[in-house]
Amino acid sequence: MIEAARVPAPAPHTGLPARLKAQSLLPLAAILVSFLAEVLLPNHEKLRNPDYTEFRYLLGILAAIFAALTATALWEERVRSASKSRLLLTVSSGALAALAAVRFGQIGLSKYAGFLYLSAVIGGLTFLLAAASFFAGRAREIAARPGWAVVSQLLFLLFVIVDHQALGAEGYAPVVYALTVIDILALLVGLVLTLVKDLARALAKRGVFIAALILFVGVVNVVTAKFLLLPQIYFPSISRIIHVYREEFNFLFLDCLLSSFILLCQGVGIGLAAGVATGVLVGWSQRWNYWLNPFVRILGPIPTSTWVPLAIVMFSRPRSAAVFVIAFGVWFQISILTASGIQNVKKTYYEVSSTLGATDTQNLFHIAIPDALPSIFLGFFNATCSSFAALVVAEMLGVKNGLGWYINWQKEMLSYPGVYAGLFIMAGFCYVFITIQFKVRDRLLSWQKGVIKW
Amino acid sequence: MVSATGAIIADSVSKTFIQPDGGEVTALSGMDIRIEPGEFVCLIGPSGCGKSTFLRLVAGLIQPSSGELYLDGRRVTGTGADRGLVSQDPTLFPWLNVYNNVAYGLKIRKVFNERRADVQAYIDLVGLTGFERSYPHQLSGGMAQRVSLARALVNEPKILLLDEPLGALDAFTRMNMQDEILRVWTERGATMLMVTHDVDEAIYLADRVFVMTPRPAKIERVIPIEIGRNPNHGRSRDDPDFLLMRAKILQILNFTGHKHALEYNL
Ligand SMILES: Nc1ncnc2c1ncn2[C@@H]1O[C@H](COP(=O)(O)OP(=O)(O)OP(=O)(O)O)[C@@H](O)[C@H]1O
Ligand SMILES: [Mg+2]
């Protein structure tokens, strides 16, 4: 896990060593082998009606991506990292955010109007900043930071979601469709141009692993689709799983993934706030410790699923019950580690701080919390990992939506392609969630580099 | 040079520590001290006699077991930004870089904006220009000690309590820092109370040297250093009076007990 947080070293100007270049060719070879097996061997006769062949498209897309990356890796010294593309990205998404906001403003959704106009202002400002970046040096520096692109992208996403939820399918006027497509293209171009060198390096280093993975998938494909060596109910062919994505794209991504994401954010957000607050109180103040600590000690270790019966009674809406169940586990883990982090702050730090004129409250915010931050983050990390488990439990509380619920539902219908489709989204989702967390940690706790084993 | 405030008076101050096993350690017993405002006093005494304890008492970090401690006529009840302490080991905040460590006191007291320039000035003064963005774990012991010194100096307290602030420095840097400390003292007129194990350093810097007895400690002897200072730096180290004073102090230290004589860094 720690490994994943490591930032790649800045690229030197010479090209990659020959061994790495050779490695970066392996994934392409693996794709070719898998593709030949897929095309040359016909599907097993029991699997011809309907005759799913989506695996070919997947391999095709992979081939395109890896061809670009491999080419970059082979001729790395000739590829320039494009920082202008970031500007392009910012400009386009900023403009799109503004346009989208204006559009929603026009529709005049009474319920969201205030929010939309505010967003239009933010989008407009982002756009102005990005536009200014073509002229002024300082603005250019700011706009070139990828953070801006991320912010404007999130904003844009928000518009689409609000639009979708408020108006349903009719809300998807051609304007929004067009804007979305343009935005996604700009995003892809920008991302590819900015990241292509880093990605190519990563590919070259992991070439053997990636090739092995692709080969494995190719073999699974041959086993399940071509020779039907495994029971097809539990081990559907890869093409059938991909077929689920094709058929249920909107439901899986716009409903389930979104619902899980929002549920998780609510639960983790509330748990985080409550956990840090409790932990700080327990760790800092004797009196709060006296009253709160027993509750933390007694209630905390109760496994999440035990709360389900109670949560249903306590909350009238299943959604609130689900949020509670997730928030509870997060609260406990974070409060425990925050409290111990604060209790373990060296006394001498307080002493130095006090002789420099700090009050007790200042000691809390300037000494105790910064010093406890690594511990708080550890708690947060543990908490998010276990919150994925809590998510699945929570979604069984009658919230007929979400990835966890979808997987369970598909399982009960003995529709295993759906189960796998859900599982893969879940895995990707958790991965992204945790990666973002590591990035945040790297930023906030960079002072720890060299103090602990990073 | 002499400022109106910054007087320290200790009236038979004692400090007894209770150890976890119930045993008692008497670090100080009946310390009587009178330090004038703006005076430079060096404390010398055997290791473990209670010098750091006395500084911590003056800083307000601990309370005397008996006796009274006054600052400008007021009893010491707690810490305050009017007394800066450079403790024996440089306790830098590991999550702040050198610049922010030094700026910490100013930020806490909300005067950072007006006094921003001083932060850099004091970093330059302790010779750490270029290390502003380094984190404490990237510094050597002596560098950390100098940051800790700058952090206390920039706060411009009325009273500076220095606990072997130059202990980890090489001879050359040490002499430089002694001159810088003298300069800050002359310019600002703070009261200085400095613990040192180095007799030469004490004579070079101090108006008066207080020699302490072994634990339980009190003041064994107060030695005024009446050798003239040069205008830009301290006393000449090869002045005959200097050497005489050195011999005298060493002799007094020897009187405090043979078994302790070995514990000085002479
Ligand atoms: N918090 C404490 N609890 C118990 N005993 C203490 C505590 N602080 C200091 N002491 C004891 O008080 C005595 C004086 O300690 P102090 O640190 O003041 O010595 P010092 O003169 O500064 O020595 P050095 O020159 O080695 O720094 C020592 O015997 C020490 O064991
Ligand atoms: Mg000491």
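Only a predicted model underlies this, so the values are computations on that prediction, with no experimental measurement involved.

**Quick look at the nonpolar core**
Core analysis: the biggest nonpolar cluster contains 64 residues, and Leu252, Leu264, Ile326 and Ile367 of chain A together with Phe93, Trp95 and Tyr104 of chain B have the highest contact counts within it. By residue number, the principal contributor to this core is helix H14 (residues 360–394) of chain A, which donates 13 residues. Each residue touching Ile326 of chain A, except ones within four places of it in the same chain, is listed here: Leu263, Leu264, Gly267, Val268, Ser387, Ala390, Leu391 and Ala394 of chain A. Ala150, Leu160, Ala202 and Phe242 of chain B belong to the second largest nonpolar core, which has 54 residues in total.

**Some details on the coordination of the magnesium ion (ligand 2)**
All names here are of chain B. Looking at the magnesium ion (ligand 2), the protein donor atoms are Ser52 (OG) and Gln88 (OE1), and they sit 1.9 to 2.2 Å from it. Of the two residues, Ser52 is situated in helix H1 (residues 51–59) and Gln88 in the loop between strand E6 (83–86) and helix H2 (98–108); the sequence distance between them amounts to 36 residues. Judged by relative accessible area, Gln88 falls into the partly exposed class, the value being 40%.

**Quick look at the site of ligand 1**
Residue and element names in this part refer to chain B. Neighbouring ligand 1 are 13 residues, the closest being Ser47, Gly48, Ser52, Thr53 and Gln88. Contact between ligand 1 and Lys51: an oxygen atom at 2.8 Å from a side-chain N or O atom of the residue. Contacts to ligand 1 include Thr53, whose side-chain N or O atom sits 2.5 Å from an oxygen atom. Protein chains shield 67% of the accessible area of ligand 1, which is 640 Å² for the free molecule. With three residues, H1 is the single largest residue contributor to the shell around ligand 1. Broken down by class, the residue content of the shell around ligand 1 amounts to three nonpolar, seven polar and three charged.

**Regarding the sheet that holds strand E9 (residues 208–212) of chain B**
Residues and elements named next belong to chain B. The six strands lie next to each other as E6-E7-E8-E3-E9-E10, forming an open sheet whose pairing is mixed. For this open sheet the edge positions go to E6 and strand E10 (219–224), each flanked by a neighbour on one side alone. Direction aside, the axes of adjacent strands within the sheet are offset by 15 degrees on average. With four bridges joining them, strand E3 (residues 40–44) and strand E8 (residues 191–195) adopt parallel strand pairing. Looking at E8, one finds that Leu43 is bridged to Val195. On top of the sheet, helix H5 (residues 171–188) reaches E3, strand E7 (159–163) and E8; it is set at about 140 degrees to E3, its chief contact.

What counts, and at which threshold
By convention here, each chain's residues receive numbers from 1 onward along its written sequence. Chain A is the first chain written and ligand 1 is the first ligand written, with later ones labelled in order. Thresholds applied to this predicted model are a pLDDT of at least 70 for local features of residues and 80 or more for the giving and counting of side-chain atom pairs; totals over whole chains, interfaces and linings are not thresholded and use all residues. In computing side-chain properties, one takes all heavy atoms of the structure into account and sets aside hydrogens as well as water. Nonpolar cores were defined as sets of buried Ala, Val, Leu, Ile, Met, Phe, Trp, Tyr and Cys residues, with membership established by side-chain atoms within 4.5 Å. Partly exposed residues are those whose accessible area sits between 20% and 50% of the maximum for their type, while under 20% is buried and over 50% is exposed, using a 1.4 Å probe and protein chains only. Under the scheme used here, helices are H or I runs from DSSP no shorter than 4 residues and strands are E runs no shorter than 2 residues, and both carry numbers assigned from the N terminus. Note on contacts: a residue pair qualifies if any of its non-hydrogen atoms lie within 4.5 Å across the two residues. The rule for donors is simple: N, O or S, within 2.8 Å of the metal, or within 3.2 Å if the metal is Na, K or Ca. Water isn't counted, so a site may look like it is missing partners. To be near a molecule or strand, a residue needs just one of its heavy atoms within 4 Å of it. Between N or O atoms, a polar contact is any pair within 3.5 Å; within protein, one atom must be a potential hydrogen donor and the other a potential acceptor, and residues adjacent in sequence are included only when both atoms are from side chains. Only the protein chains shown count as cover for residues, and all accessible areas are computed by the Shrake-Rupley method using a 1.4 Å probe. Three classes are used: nonpolar for Ala, Val, Leu, Ile, Met, Phe, Trp, Tyr, Cys and Pro, charged for Asp, Glu, Lys and Arg, and polar for all others, with Gly counted as polar. Two strands make a pair as long as DSSP finds a minimum of two bridges between them. Orientation is described by axes fitted as lines to C-alpha atoms, over the contacting stretch for helices, and by angles from 0 to 180 degrees between their N-to-C directions.

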